[in-house]
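# Topology and contacts: notes
Spelled out from the first residue to the last, the chains are:
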Amino acid sequence: MRGRPVSLKVSDYILQRLREWDVKHVFAYAGDGINGLLAAWGRADNKPQFIQARHEEMAAFEATGYAKFSGRVGVCAATSGPGAIHLLNGLYDAKLDHVPVVAIVGQTNRSAMGGSYQQEVDLLNLYKDVAADFCQMVTVPEQLPNVIDRAMRTAYAKRTVTAIIIPADVQELDYSPPTHAFKMVPSSLGMASYAPIPAPSDLDQAAEVLNAGEKVAILIGQGARGARAEVEQLADVLGAGVAKALLGKDALPDDLPYVTGAIGLLGTRPSYELMQECDTLLVIGSSFPYTQFMPELDQARAVQIDIDPFMIGLRYPFEVNLVGDARETVKALLPKLKRKKHGSWRKKIEKNTARWWKVMERRAAVDADPINPEYVVHALDALLPHDVILAADSGSAANWYARHLRIRGAMRGSLSGTLATMGPGVPYVIGAKFAHPDRPALALVGDGAMQMNGMAELITAAKYWPEWQDPRLIVAVLNNQDLNQVTWEMRAMSGAPQFLPSQALPDVPYADFARSIGLEGVRVETPGEVESAWHKALGADRPFVIDFRTDPAVPPIPPHASLDQIEAAAAAIVKGDTDRADMVRQGVKAKIQEFLPGKSHRQQRQD
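This is a predicted model, so every value here is computed, not measured.

## As for helix α16 (residues 447-464)
Given a rise of 1.5 Å per residue, 18 residues ought to cover 26 Å, and the 24 Å separating the end C-alpha atoms of α16 matches this to within 8%. Along α16, the largest kink reaches about 55° and is centred on asparagine 453.

Laid out in structure tokens, this is it:
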């Protein structure tokens, strides 16, 4: 006798709809608030694949990394109460960096809502900011598939976070679709691609501004990533230099002679000078927030291109604001531009940029105790695989990522740009490996971030790496036993010495831990071991951790810093110890001389 057909549960249908949206992975952590979904995963032969993080925040970071490096929506899931709360930091990272992520979270049974039940949290209120564009609770099966479709479509269209809240008892209900009836909302799959272009009259105005300029500077962000060829052509026609916001580091190669590198506190001196001396500014796909690194407000005529009308007109008094897709807008603008001769302006940009890379080489060669972190990262630059995916954690590691690694060819790179949160470096590259299992991935992290959550997430790498076509996932820990970025911020901004109870970190054997869970690793304590360690990691047959013992006294000094500021910072290191303060002051001076504006090339050679 044949058994009765098994009914399709709401939880089964949710996974089915995700598959229909071509979702391949869901980064998640289990809990009884999503027991119905977990059972459905079992019935669905684990499709889409449940990727088990060590912590819900890491699941959200992994979904964000996946989305950043794939261009697809990242999906994460968590249980009710604490699980949903844990997702938030990773979700805010996605929201602030304009990355499409969908969060699926459990909730207590409908019958218990409002009863102060265990793990009952008002998730609609909790998520109303991070998922402001779409956050919905499913209370009856007929809300599906509409809720899933709108969550996916909104995340894609607005490049943001959306959330679906599903009470535990609803997950267990039999699925019934919306009918052709009053107050039912049927839905459809798919997200059509579109590329808006500004009106011809707006393009004419922009062309007039750009044609009139003699010293054109271009600033690009991640929004220009799909317009690489067009931006290169634009820079050629305008005789311009191109600076990059950090989230746009991989939008244009760093081996182009007119690309000045990063801008801002973590930026380069040629980018600083480009903005200080231009008479015309074109910003493409960036909402770079630090106005003080842009031209004086009355210095330059300015044009902005951005696909998001809500981000237009920010940061600078733009004369023309173009709302449109970066690639299509630049393509439409190019025929209206007059070619400029590559004269003294362009030549100066290229000369300054070439000199900057020599400065970086010299800074990396400065002796330190035990290893100069700049040398660690500078030595990696020439060894980077052509298709590597890079992530940097927040902290001083981000400085060296910004200044010493040159993006070339198909390389990709990112970090927590706007939230600047600690901890996404390792989960970002794990997410990247699920997006591109055939490419090597590498994270630069500080020891603070590694202790916060990176070590635990190595367990996730250990669990999944045999599935990856290219097993290389490298985690480079800059181990200086100091929360170094905050230490330097205290000195530079507050004139305060290092407060050891808050800043000092224990020395942890990171490579030993990696080996203890079946990965590989090595500890590096002398400069002579640095290059061989990189070679070992890049040739490894599994994830690899390098524990670099670096000097916390190498300062991440901004390119516009004055000598007075540096001296004040150095003197504050050890208040009351004159001999030590003088020694540190001189050491810091020597290390940052190259950054000081107004210093002649002759003086630099003498240094």
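## Quick look at the pairing of strand β17 (residues 520-524)
Direction of pairing for β17 relative to strand β18 (residues 544-549): parallel, over a ladder of five bridges. Within β18, the residue paired with arginine 523 across the bridge is aspartate 547.

## Section: the side chain of threonine 460
Along the chain, the position of threonine 460 falls in helix α16. Residue classification places threonine 460 among the buried residues on the basis of a relative accessible area of 0%. A distance of 2.9 Å separates the side chain of threonine 460 from the side chain of arginine 54, its partner in a polar contact. Apart from the residues lying within four places of it in its own chain, the contact partners of threonine 460 are Gln52, Ala53, Arg54, Glu62 and Ile430.

## Notes on unusual backbone geometry
Across the chain, the bulk of peptide bonds are trans and the bulk of non-glycine residues have phi less than zero. Residue proline 145 follows leucine 144 across a cis peptide bond; omega there is 10°. For proline 145, the location among the structural elements is in the loop between β5 (135-137) and α6 (146-158). A cis amide bond links aspartate 369 with the next residue in sequence, proline 370, at an omega value of 0°. The phi torsion at arginine 159 lies on the positive side, around 50°, for a residue other than glycine. Assignment of secondary structure puts arginine 159 in the loop between α6 and β6 (161-167). Within the chain, lysine 183 stands out as a residue other than glycine whose phi angle is a positive 65°.

## Some points on the environment of glutamate 328
Note on placement: glutamate 328 falls in helix α11 (residues 326-333). A C-alpha to C-alpha distance of 9.2 Å links glutamate 328 and proline 198, two positions 130 residues apart in sequence. In contact with glutamate 328, not counting residues within four places along its chain, are Ala195 and Ile197.

## Brief notes about the pairing of β18
In terms of burial, β18 is largely enclosed, as six of its six residues are buried. On β18, burial covers both faces: Phe544, Ile546 and Phe548 on one face and Val545, Asp547 and Arg549 on the other are all buried. For strand β16 (residues 473-479) and β18, the ladder comprises six bridges, and the chain directions are parallel. Pairing of alanine 476 across the sheet is with isoleucine 546, part of β18. For the crossover from β17 across helix α20 (residues 530-538) to β18, the handedness is right-handed.

## Some thoughts on the packing of aromatic side chains
Inspection of the entire model under this criterion finds eleven aromatic pairs. Plain terms: the ring middles of tryptophan 41 and phenylalanine 50 are 4.9 Å apart, the flat faces sit at 90° to each other, and that makes the pair edge-to-face. Overall, the relative accessible area of 6% leaves tryptophan 41 in the buried class. For the pair tyrosine 290 and phenylalanine 293, a centre-to-centre distance of 6.5 Å together with 85° between the ring planes defines the contact as edge-to-face. For tyrosine 290, a relative accessible area of 38% corresponds to the partly exposed category. The buried category is assigned to phenylalanine 293, whose relative accessible area is 2%. Site record: aromatic cluster; members linked through ring pairs are Phe27, Tyr66, Phe434, Tyr464 and Trp468. The ring of tyrosine 401 has lysine 249 lying over it, and the distance from NZ or CZ to the ring centre is 5.3 Å. Above the face of the tryptophan 357 ring, arginine 406 is positioned so that its terminal group lies 4.7 Å from the ring centre.

## Concerning the sheet that holds strand β12 (residues 320-323)
Within a sheet, each strand pairs with its neighbour through backbone hydrogen bonds, oriented either parallel or antiparallel. With respect to topology, six strands assemble into an open sheet ordered β9-β8-β7-β10-β11-β12, the strand pairing being parallel. Each of the sheet's edge strands pairs with one partner strand only, and the pair in question is β9 (259-262) and β12. Pairwise comparison of adjacent strand axes, ignoring direction, gives a mean angle of 15° for this sheet. Pairing of strand β7 (residues 216-220) with strand β8 (residues 241-244) involves four bridges; the strand directions are parallel. Bridging from a neighbouring strand, isoleucine 218 pairs with valine 242 of β8. Packed on one face of the sheet, α11 meets β10 (280-284), β11 (301-306) and β12 and runs near 135° to β11.

Procedures and definitions
- Residues numbered from 1 in each chain as written.
- Predicted model: local features only at pLDDT ≥ 70, side-chain atom pairs only at ≥ 80, totals over all residues.
- Heavy atoms only, no water.
- Helix = DSSP H or I, 4+ residues; strand = E, 2+ residues; numbered from the N terminus.
- Expected span 1.5 Å × (residues − 1).
- Bend = angle between axes of the 7 residues up to and from the residue.
- Pairing = 2+ DSSP bridges.
- Buried < 20%, exposed > 50% of the residue type's maximum accessible area, 1.4 Å probe, protein only.
- Polar contact = N/O pair within 3.5 Å; in protein donor to acceptor, adjacent residues only side chain to side chain.
- Contact = heavy atoms within 4.5 Å.
- Right-handed = clockwise from strand over helix to strand, strands pointing away.
- Phe/Tyr/Trp six-rings, centres within 6.5 Å; stacked < 30°, edge-to-face > 60°.
- Lys NZ or Arg CZ within 6 Å of the ring centre and 35° of its normal.
- Axes fitted to C-alpha atoms, helices over the stretch in contact; angles between N-to-C directions.

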